[in-house]
Amino acid sequence: MTVVKRIEDKIKSYLSKLSIYQKVAFFVVLIVGIVAHGFALSNRLSVHDNSHCLFTIGATYEVNRWGLGIIYKLQLLSTKTFSLPLFNGLLSIIFIACAAAVLMDIFEIKTKLQAIIISSLMVVFPMVTSVFSFMFTSWPYFMGLLFAFLSARALCREINLKNVIISVIWLTLTLSLYQAFLGVVITLFLLKMFLNVIDGKIDSVLAYAKEGVTYLVTLGAGLGLWSLIGKIFRTVKHIELETYKGWDEGYNLAKFPSTLVNAIKSFLSFRMEGINALRYLRMLAMLVFVLAVVMIVMLLVKSSAKVAVKISSIVGLILIPVGMTVVYLLSTSELYQVSTLMIYAEVFVYIIPLILLNHFDGFGSAIIEKLSQGISLVLILCTSVMTLGYVYLDNAAYFKASIYQEQANVYMTALLANIKSTEGFSDDLTIVFVGFNNVEDATINELADHEEFDGIQLEKYYNSLEEMLNYGVNIQYLRDHIGIGNENMYIEDANQDTTVSDMPEVKAMPIYPNDGSIQIIDDMLVVKMGETN
């Protein structure tokens, strides 16, 4: 037998072990993912960090993402690092597809319709859209998502020492790539505990507590190992934690209660940090949540588990929303803010009740059976509408980004043309932008019917050209996208050694694009974009 034949047989043997539902989930994610995110895969979207991170993978060791640091080093030594929309985006979707297949295995999904809706939600959930505004680092993030599901599967299959170790390793790798996926692992653990109760696999409060403690120890060990390895890397490389979003601040336990309350409030608003800015999405999310609660109550009543075990399981159920929103609890710093980039675990608001459908029959009473069928139909309808709504929202977000990117390119091209046409200009002049992040140009026109974009409040997708100029355009943007800029061009606010804005002549200058807003002063060409703070 040739080596090629052996490899082919191994692949066939592995694929034969996959259930039809895993295969359906995988291919549905690929197809639906391309429909939802095809624009991002085929266009270069330059929003926020994606505008200047063309050849990097983003923050690594300084934010304790040492897994990203390892990947970045390996790429530098081999392929080099590029922000490639098609490659990075498609690889991201493949990782989500693999995660969906793992989910089918964890909860033994029994119907193709469940597999289709669940897997579709996993890839169209607009957190993915927000991550695609960071296309330069998207595929390692979603590799981390796959690792999160693998961590849960290792322990959900059977609890033993070997599986605990495997789960800890996968969790450690998950956190090393993107800490926000911790909520995914917690949610999967808590859901599995509840299903074990209603399936009769947990027959005592002690057994329930033992399983819960095992999961808790696994989470603690994973967090500890991730933190320890990160500390070792930073020590060896002489790197300090960034002050960004309060990463370097200690945890204030006194603030934990208020932080927890804010997390629950955010969850119950069903806005999902702007994902559900549109009212119909919030209403559907709320309805799905209510249906899930009703289903859980009905399943507990139906279950033959002991009353004490059922009561114990309620504690775990209450913790599920906390697990979904655990990112809110990761820091008590005033600088820390949760965004749509961090809340993938909240997709389980829709996925959990769909998983519960596996167990939602056999109630005995004809009336209850009719009720359960009605709830199932409404749930399938709601989640299907949510899926289509998110596909539409994803495409609208990319549409929004492309419009403001086009406008920014035109605006900056015109600005540079005005700079070059300034009397006395020469290409060796130092060009200084003053007030660059405080643009107040009255000639900037709002889009006709721009309020339509108010429903798109995803992180990193700007709400106006003015906002993009203030927060998304910098010298690197000019160099990489307009093709203009050298070492003699800089933004004064980013250079602590200059005091150009304090010069009387500069203070007296009008703001761009007014006449006199571009002047040559002391052998420098000064462009006053706005007033300095």
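Refer to the structure above for everything that follows.
All of the points below concern the structure found in this document. (Residues numbered from 1 in each chain as written. Predicted model: local features only at pLDDT ≥ 70, side-chain atom pairs only at ≥ 80, totals over all residues. Heavy atoms only, no water.)

### Notes on the overall build of the protein
Link 1 in the chain: Tallying secondary structure elements over the protein gives 18 helices and 4 strands in all.
Link 2 in the chain: In terms of overall size, the protein behaves like a compact globule, its C-alpha atoms giving a radius of gyration of 26 Å where 533 residues would be expected to give roughly 24 Å.
Link 3 in the chain: Along the first, second and third principal axes, the C-alpha atoms of the protein reach 90 × 60 × 50 Å.
Link 4 in the chain: Relative to its 533 residues, the protein shows a buried fraction of 53%.
Link 5 in the chain: In the protein, 79% of the contacts between residues at least 6 apart in sequence involve partners at least 24 apart.
Link 6 in the chain: As displayed, the protein offers around 24,300 Å² of accessible surface, 62% of which is attributable to carbon and sulfur atoms.
Link 7 in the chain: The average position of the 37 basic charges and that of the 45 acidic charges among the side chains of the protein differ by 19 Å. (Helix = DSSP H or I, 4+ residues; strand = E, 2+ residues; numbered from the N terminus. Rg over C-alpha atoms; globule rule 2.2 N^0.38 Å. Buried < 20%, exposed > 50% of the residue type's maximum accessible area, 1.4 Å probe, protein only. Contact = heavy atoms within 4.5 Å. Areas by Shrake-Rupley, 256 points an atom, 1.4 Å probe, with all protein chains shown as cover. Lys, Arg positive; Asp, Glu negative; His and termini not counted. Charge placed at Lys NZ, Arg CZ, Asp CG, Glu CD.)

### Quick look at the pairing of strand E1 (residues 430–434)
Link 1 in the chain: Here E1 lies mainly inside the structure; 4 of its 5 residues are buried.
Link 2 in the chain: Pairing analysis gives 5 bridges linking E1 to strand E4 (residues 524–528), with the strands arranged parallel. What sits directly across from Val432, in E4, is Val526. (Pairing = 2+ DSSP bridges.)

### Re the nonpolar core
Note that soluble globular proteins tend to have their nonpolar side chains buried in a common cluster.
Link 1 in the chain: Within the largest apolar cluster, 171 residues are counted, with the highest numbers of intra-cluster contacts made by Tyr344, Tyr350, Tyr390 and Phe433.
Link 2 in the chain: At 19 residues, helix H15 (residues 366–420) tops the list of elements feeding residues into this core.
Link 3 in the chain: Each residue touching Tyr390, except ones within four places of it in the same chain, is listed here: Leu121, Val124, Phe125, Pro126, Met272, Ile275, Asn276, Leu281 and Tyr350. (Core = buried A, V, L, I, M, F, W, Y, C linked by side-chain atoms within 4.5 Å.)

### Quick notes on helix H12 (residues 279–302)
Link 1 in the chain: Under the 1.5 Å per step criterion, the end-to-end length of H12 is 35 Å for 24 residues, consistent within 8% with the ideal 34 Å.
Link 2 in the chain: Turning to H12, its buried residues number three or more, namely Leu281, Arg282, Leu284, Ala285, Val288, Leu291, Ala292, Met295, Ile296, Met298, Leu299 and Leu300.
Link 3 in the chain: Buried residues in H12 make contact with helix H9 (182–198), helix H11 (256–269), helix H13 (307–324), helix H14 (348–356) and H15. (Expected span 1.5 Å × (residues − 1).)

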